[in-house]
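One-letter residues, chain by chain:
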Amino acid sequence: MIVLHLFFMALPFFYKDDIVANSESIILDEDASKHIVQVLRMKNGEQLNLTDGKGNLFTTEVIHDHKKKCIVKILSTHYHQPSEKKVTIAISLVKNASRFEWFLEKATEIGVSEIIPLICERTEKQHFRFDRMKGILISAMLQSQQCWLPVLSEPVKFSKFITNEFVGQKFIAHCEDEQSKKPLHQHISISTHQLICIGPEGDFSPTEIKQALQLQFIPVSLGETRLRTETAGIVAAVLLSQQL
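Residue placement: Ser 221 occurs in strand S14 (residues 218-221). Exposure remark for Ser 221: the relative accessible area of 17% places this residue in the buried category.

Next comes the structure, spelled out in structure tokens:
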């Protein structure tokens, strides 16, 4: 697993996903060890922070400053409660992978809880590199000094995804003219969990929109202009994350 570093509360801040809270010591992988010992030149007795991306922040002390197998011990543990607001963005993959990566980074910084890549009828096929995408989420989590890593799913077909049970408000943002479609912010209720589906370049197909409406998805717009897929995802993330 990728381990990245930033500064948090004046201590170097790293990510490790498999931390056991009652462990006497934690062995860090070679990449993290090299960064700690060779780049930061940390020695035994110095402290650093670790998070598991599940709300836990561990303050630790270096007890074996080896450049390939640094070992730390846990001094204290602090649990960060998750946000009361849970936002899920189900968004089509896009042709330009770097634009989708940009969306992942910014959505994480905003505080989105879950990201589900969609394969829609008009989605242009591309290779989805899960490990790389998760690494971007980790980096953005540390950059924004958070202890919760968004849940990232493998790509799923839109027609299959929307049949899943969901407790909360669920929206579909599409570009077709429809009398019942209103701006997203006018539909947001006090529900603490919201899901929104964002279509591909070229929008959802009429069949997909019809299927979603039949399953009680609320049709919404994200403004007066036509947005790129990744931009629409960020606008939706901001609108939903700021409402409670």
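Having seen the structure, we can now continue with the description.
Bridge analysis of strand S3 (residues 26-27) against strand S6 (residues 71-79) gives 2 bridges, and the strand direction is antiparallel. The residue bridging Ile 26 from the neighbouring strand is Val 72, located in S6. Bridge count for strand S5 (residues 56-64) against S6 is 8 bridges, and the pairing is antiparallel. Directly across from Thr 60, in S6, lies its bridge partner Ile 74. Hairpin connection, S5 to S6: the antiparallel pair is bridged by 6 residues.

What follows is about the nonpolar core. Ranked by internal contacts, the top residues of the largest apolar core, which has 37 residues, are Ile 89, Leu 104, Ile 115, Leu 184, Ile 196 and Ile 198. When contributions to this core are tallied by element, the ones reaching two or more residues are strand S2 (11-15), strand S7 (86-92), helix H2 (97-110), helix H3 (130-143), strand S11 (169-173), strand S13 (193-198) and helix H6 (229-241). For this core, the leading source of residues is H3, giving 6 residues. Contacts of Ile 196, omitting those with residues within four sequence positions, involve Thr 88, Ile 89, Ala 90, Phe 171, Ala 173, Leu 184, Val 220, Leu 222, Ala 236 and Leu 240.

On to the environment of Gln 216, then. Note that Gln 216 resides in the loop between helix H5 (206-214) and S14. Looking at Gln 216, the relative accessible area reads 57%, which means it is exposed. Taking the C-alpha atoms as reference, Gln 216 lies 48 Å from Leu 48; in sequence the two are 168 residues apart. From its side chain, Gln 216 meets the backbone oxygen of Gln 214 in a polar contact 3.1 Å long.

This structure, assessed with the given rule, holds 5 aromatic pairs. Through a chain of ring-to-ring contacts, three or more aromatic side chains come together here, namely Phe 100, Phe 103, Phe 128 and Phe 130.

The next point concerns the pattern of salt bridges. Close approach of charged atoms allows side chains with opposite charge to pair. Per the stated rule, a full pass over the model turns up 6 salt bridges. Close ionic contact of Arg 99 with Glu 201 constitutes a salt bridge, the shortest N to O distance being 2.7 Å. Residue Arg 99 is located in helix H2, and its partner Glu 201 is located in the loop between S13 and H5; the two are separated by 102 residues in the primary sequence. Of the residues examined, Glu 201 reaches a relative accessible area of 31% and is grouped as partly exposed.

Most of S7 sits inside the fold, with 6 of its 7 residues counted as buried. Across 6 bridges, S7 lies against S13 in parallel orientation. Within the sheet, the bridge partner assigned to Ile 89 lies in S13 and is Ile 196. Note: S7 against strand S8 (residues 114-119), 5 bridges, orientation parallel. Note on S8: the bridge partner recorded for Ala 90 is Ile 116.

The subject of this paragraph is H6. Compared with an ideal rise of 1.5 Å per residue, which puts 13 residues at 18 Å, H6 spans 18 Å between its outermost C-alpha atoms and is within 8% of the ideal. Turning to H6, its buried residues number three or more, namely Thr 229, Glu 230, Ala 232, Gly 233, Ile 234, Ala 236, Ala 237 and Leu 240. Where H6 is buried, its residues meet S7, H2, S11 and S13.

Conventions we followed
Residues numbered from 1 in each chain as written. Predicted model: local features only at pLDDT ≥ 70, side-chain atom pairs only at ≥ 80, totals over all residues. Heavy atoms only, no water. Helix = DSSP H or I, 4+ residues; strand = E, 2+ residues; numbered from the N terminus. Buried < 20%, exposed > 50% of the residue type's maximum accessible area, 1.4 Å probe, protein only. Pairing = 2+ DSSP bridges. Core = buried A, V, L, I, M, F, W, Y, C linked by side-chain atoms within 4.5 Å. Contact = heavy atoms within 4.5 Å. Polar contact = N/O pair within 3.5 Å; in protein donor to acceptor, adjacent residues only side chain to side chain. Phe/Tyr/Trp six-rings, centres within 6.5 Å; stacked < 30°, edge-to-face > 60°. Salt bridge = Lys/Arg side-chain N within 4 Å of Asp/Glu carboxyl O. Expected span 1.5 Å × (residues − 1).

These figures capture arrangement, not role.
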